[in-house]
Amino acid sequence: MNQHDLNDVAARIASAAAEFAPSHRPTALQVADAASVLHGILQAAEQHGVRFADFDGVADFPRLAIQLVQSRDERR
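A. The packing of helix 1 (residues 3-19) against helix 2 (residues 28-46), seen in detail. Following both chains from N to C, one finds helix 1 and helix 2 inclined at 130 degrees, their axes separated by 9 Å at the closest point. Between helix 1 and helix 2, the crossing angle belongs to the class labelled oblique. Crossing handedness for the pair helix 1 and helix 2: right-handed. Contacts from Leu6, Val9, Ile13 and Ala17 in helix 1 reach Val31, Ala34, Ala35, Leu38, His39 and Leu42 in helix 2. Looking at the contact of helix 1 with helix 2, its residues break down into 9 nonpolar, 1 polar and no charged.

Right under this line is the structure:
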């Protein structure tokens, strides 16, 4: 994963975060954690020849990463 890919992850997470209603908008820490989660998913998927573009055809993974982090925080 190169710098361009990392910038793309950050931009997509930021865009997804902005789509949440104000009452459900992720915190700055949740946004950072979601970017880290998504980065980790993409690194693991690369080992199997799966790219970010492949994820786009299946689900909104940036939004999913935010929801995962928010769910984690709700359980705490």
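Following the structure, the description resumes.
B. Region of the structure containing the pattern of salt bridges. Counted according to the given criterion, the structure contains 6 salt bridges. When the shortest N-O distance is used, the salt bridge between Asp33 and Arg72 registers 2.8 Å. One end of the pair, Asp33, is in helix 2; the other, Arg72, is in helix 4 (residues 61-75), with 39 residues separating them in the sequence. With a closest N to O distance of 3.7 Å, Asp73 and Arg76 form a salt bridge. Judged by relative accessible area, which is 24%, Asp73 ranks as partly exposed. Bridged by salt links that share partners, the residues Asp33, Arg72, Asp73 and Arg76 form one connected network.

Conventions used here
- Residues numbered from 1 in each chain as written.
- Predicted model: local features only at pLDDT ≥ 70, side-chain atom pairs only at ≥ 80, totals over all residues.
- Heavy atoms only, no water.
- Axes fitted to C-alpha atoms, helices over the stretch in contact; angles between N-to-C directions.
- Helix = DSSP H or I, 4+ residues; strand = E, 2+ residues; numbered from the N terminus.
- Parallel < 35°, antiparallel > 145°, perpendicular 65-115°, else oblique.
- Left-handed = near helix turned anticlockwise from the far one by under 90°.
- Contact = heavy atoms within 4.5 Å.
- Nonpolar A, V, L, I, M, F, W, Y, C, P; charged D, E, K, R; others polar.
- Salt bridge = Lys/Arg side-chain N within 4 Å of Asp/Glu carboxyl O.
- Buried < 20%, exposed > 50% of the residue type's maximum accessible area, 1.4 Å probe, protein only.

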